[in-house]
Each structure stands twice: as C-alpha cells, then as structure tokens.
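# Structural characterization, general
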Amino acid sequence: MDLIKKLTGKNPSEYEPIVKAMIDNSDTELFSKLVEQDDFLFDFIKENVAKRIQKACNKDNYINLLDFLGFYSSSYDTAIAEVLHNYGGDAVFVRMKDLFFNGTDSQKAYAAKYFSFADSGKVMEFLPLMRETAKSEYEPLMQNSIEVLSLLNDVTSKNDAINKLDSGDEFEQYDAVKFLVTYGAKDVLPKLIAIMKRSSLSENIASEIPYLIPLNELLEMNYENGLLVLANIINAIPEIIPPAAVCNYDLKNIFETLISKPIDSAGAVVLRMAKEKFEELVSNEEYLFDSDKNTKEEIKSINGMLSALNNSKLNSLLYDELYDESDFVFFALDYVNEIEELETLLESNNQTLVLKTLSIIKEKGQLTPKHKEIALNYITNSDIKNIVNVM
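### Some words on the overall build of the protein chain
In terms of regular secondary structure, the protein chain is built from 25 helices and 0 strands. In terms of principal-axis extent, the alpha carbons of the protein chain reach across some 80 × 45 × 40 Å. Looking at the protein chain as a whole, 50% of its 391 residues qualify as buried. Counted over contacts in the protein chain with a minimum sequence separation of 6, partners at least 24 positions apart contribute 66%. When the accessible area of the protein chain is evaluated, it comes to approximately 19500 Å², of which 46% is carbon and sulfur surface. Looking at the protein chain, you have 39 positive and 64 negative side-chain charges, and the mean spots of the two groups are 3 Å apart.

### What about a negative patch on the surface?
A cluster of acidic side chains, namely Glu 239, Glu 276, Glu 279 and Glu 280, defines a negative patch on the protein surface. Among the secondary structure elements, Glu 280 is positioned in helix α18 (residues 265–283). Glu 280 sits in the partly exposed class, given a relative accessible area of 32%.

### Things to note about unusual backbone geometry
The linkage connecting Ile 237 with the following residue, Pro 238, adopts the cis geometry, with an omega of 0°. You can see Pro 238 is positioned in the loop between α15 (223–236) and α16 (245–248). The residue Asn 153 is not glycine, and still its phi comes out positive at about 55°. Looking at where Asn 153 falls in the secondary structure, it is placed in the loop between α9 (139–151) and α10 (155–164). Relative accessible area serves as the criterion here: at 54%, Asn 153 is assigned to the exposed category. At Asp 250, a residue that is not glycine, the phi angle is positive and equals roughly 55°. Classification of Asp 250 as partly exposed rests on a relative accessible area of 34%.

### Re the side chain of His 371
Tracing the backbone through its elements, the reader meets His 371 in helix α24 (residues 369–376). A polar side-chain atom of His 371 sits 3.4 Å from the main-chain carbonyl oxygen of Gln 366. Residues contacting His 371, with those up to four places away along its chain left out, are Ile 339, Glu 343, Leu 346, Leu 358, Ile 361 and Gln 366.

### Side note on the nonpolar core
Ranked by internal contacts, the top residues of the largest apolar core, which has 136 residues, are Phe 31, Met 96, Phe 115, Leu 251 and Phe 255. Per-element tally for this core: the top contributor is helix α5 (residues 77–102), with 10 residues. Once you skip the residues sitting within four places of it in the chain, Met 96 turns out to touch Leu 66, Leu 69, Leu 84, Tyr 110, Ala 111, Tyr 114 and Phe 115.

### A short note on the pattern of salt bridges
Taken as a whole and judged by the stated rule, the model has 14 salt bridges. A salt bridge links Asp 24 to Lys 20, with the shortest nitrogen-to-oxygen separation between them at 2.7 Å. Taken together, the positions of Asp 24 and Lys 20, both in helix α2 (residues 12–24) and 4 residues apart, correspond to about one turn of that helix. Looking at Asp 24, the relative accessible area reads 31%, which means it is partly exposed. Given the relative accessible area of 37%, Lys 20 is considered partly exposed. Among the ionic pairs, Arg 131 bridges to Asp 154, the shortest N-O distance being 2.7 Å. In this pair, Arg 131 sits in helix α8 (residues 127–133) while Asp 154 sits in the loop between α9 and α10, placing the two residues 23 residues apart along the sequence. Here Asp 154 falls in the buried class, since its relative accessible area comes to 6%.

The rules we used
Residues numbered from 1 in each chain as written. Predicted model: local features only at pLDDT ≥ 70, side-chain atom pairs only at ≥ 80, totals over all residues. Heavy atoms only, no water. Helix = DSSP H or I, 4+ residues; strand = E, 2+ residues; numbered from the N terminus. Buried < 20%, exposed > 50% of the residue type's maximum accessible area, 1.4 Å probe, protein only. Contact = heavy atoms within 4.5 Å. Areas by Shrake-Rupley, 256 points an atom, 1.4 Å probe, with all protein chains shown as cover. Lys, Arg positive; Asp, Glu negative; His and termini not counted. Charge placed at Lys NZ, Arg CZ, Asp CG, Glu CD. Patch = residues over 30% accessible without salt bridge, like charges linked within 9 Å, V, L, I, M, F, W, Y side chains within 5 Å. Salt bridge = Lys/Arg side-chain N within 4 Å of Asp/Glu carboxyl O. Polar contact = N/O pair within 3.5 Å; in protein donor to acceptor, adjacent residues only side chain to side chain. Core = buried A, V, L, I, M, F, W, Y, C linked by side-chain atoms within 4.5 Å.

Function cannot be read off these values alone, since they describe shape.
Below, the structure is given as structure tokens:
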C-alpha cells in the first residue's frame, strides 16, 4: 500500500518513478491494486493518476498497457485508450478488435473505449457486435459501447431504444432510458419525462436524467419538470441513489438557487422534502457510513442551509398542489396535517391518490367508516378496494 500511497500522492519525486516502473515492467499487480482503490480515492486524485499514466508512456513502453486491460477502471480507461490509439496505429487496432471479439468483459470494455478514438470507418465493420455489447449486463462494456454508437450516429440502435420506451415492461423501458441518456439523445427528453411521471420506476429514471441534461439547465428549460425530477431524486436518496450523487448533481447550488427566488407551491414541496431528507441523512450515521469526506461535508453544508427554512411557511405554500392533476400532490400529502384538506382528495379520480390519502388519514388516527365509504364510491380497482375494506 506504500506504493499506492506514493503513486496517488503529491510528490513528483515519488510518483513519477513508480508509475513509470509500473508501465515499463507491466506491473499488473500494482495496477490491479490501484484499481481496487477506485471507490476510496477522490475524483481529482484519480484524474491526476490518469494524467501521470499518460505522461509516463512512450513509443517503447505503451504496448505494455495491453497487460492492464484485465483490470477495468472507468477512472483510467480513457487515458489508456488514448495512449494506445496515439502510439499504436493499425497493429494495435487489430489487437483491440480481437479483444473486443474474444476477450474478457474487462478487455472488451477497454476495447470499446479505444474505438471511441479510432477511425469510424474501421469501427463500422463490426457495428452489429457493438449493438449487441451495448446491451451487455457488464455496465462498463454497455456504456462504452453506447458511447461509440453515439459517435457513429447509429440511428438504428437509437430508434430501437426509443421504440422500447413504449414497452409494457417497465424494466425494458428503464433500460431504454439508460441507453438514450448514455447515447446523449437530448431530443427525447420530453418522452423520458413523460415516462418518469407514470412509471413505478420514476425515481430510477429521474436519477438518470441529470446525466443527459444538468438539473440547473432543466430547471431553466422547464421549471416544473425540473422540480419533479429533483423531487424524485430527493426521494430516492439513499436507498436507490447513493449519497455521493449529491455532489454529482450539484444539489447545493440547485437548492441555493431555489431559495434565492420567490418560492411557489411546487418549490415549497421540493424544499420541504429536501429539508426533511437531509436532516435524516445527517442524523443517521448509517446512511453516510461508506461516504467519503467530501460527500459528508457537502451533505452537512446542504443540511445547514435547508435547516434555516421555515417549515410553517413552506407548508402554507404547498397546499396549492393538493389537486388531482398536480405532479406534486403525492409528495405534498406527507406534509398536510388538516384532515379537512385531506378529505377533499377522497373524491379524486386517481385511485392510487385516494388510497394514499386514506393511508395518511389512518396514520393520523382519524380514519372513519365515512371516509372509506366516500373513497369506495370512486374506486373501481378490485385490489385497491380490498385494501380499503380491510383498513
């Protein structure tokens, strides 16, 4: 571990000879240990190491990088692929093509990344296989393959994914969403938002969207859609989305912007959710146990900012979202205390909303036979009826 510490450290007199020796001697053991540290190193450190690897390569030793391809890391794949492309020429292209067809998943993933630098005319020769690896269960291979398909402007694979958005299988829909986000298909954003609104995997879908369009841009393009994506993201932390995503999504700046402007009803719902969520993250050590120092500090900073918000003021604003057609009504319900306000939703045409409203009234110990009678007049789904009858 001393070598890893020096390799990732700040002292050039220590890391330069180590990284050069690693490449000169094809030290796969040291490289594999470096890859094992991926989850424990800050991004800027890994970026520095990637640059060091590139700098240490030359026309005499670059070929040794091929020995490292059995140990995949998204932190170093671009650096390695670029070096192999810059020095390798046709001979390395042939080697990478062979690995793409016959190698391990790790080797195939590196090869796919390499092809993002290669001549598109050559890569087009094995486009059918690239379309297949874009469906791989090995995520690095899938993502790198999709990136190549995007660079090739492969309309066939893009249209295939767009068609799958209409699938009756929500998991197939979600796979299509991930494909299109990685592909960079910004033109299908409205359809992704529409699917998110009706899917039971709405939080998973929301977690992907900021990698297509940053949240701050989405909020400027369509404020309500941006807020809805943000609401689903907040709901999904930490069970579906890891706490580290708080930094990836730049949530601190997002919340600062929302707070700095006049807060409307939808904004009040989202900020109320965020305040409760970040209080929970900070107060429960288990949620942040595996998080790095940067993530913990960012979450504590956000919590400090949100804690200054007045709950009563936010609650007074969110009541304007208590109607059938609101995209925020399900979120707003959790902060409504007045039974009279909840009772108005028992006559909703949205049967799932009626069920949630009854559940909240029951949680407050205020459920009566009259409430159930009113609700049952609007419920036709037999499964929901059965749930209501036993409440």
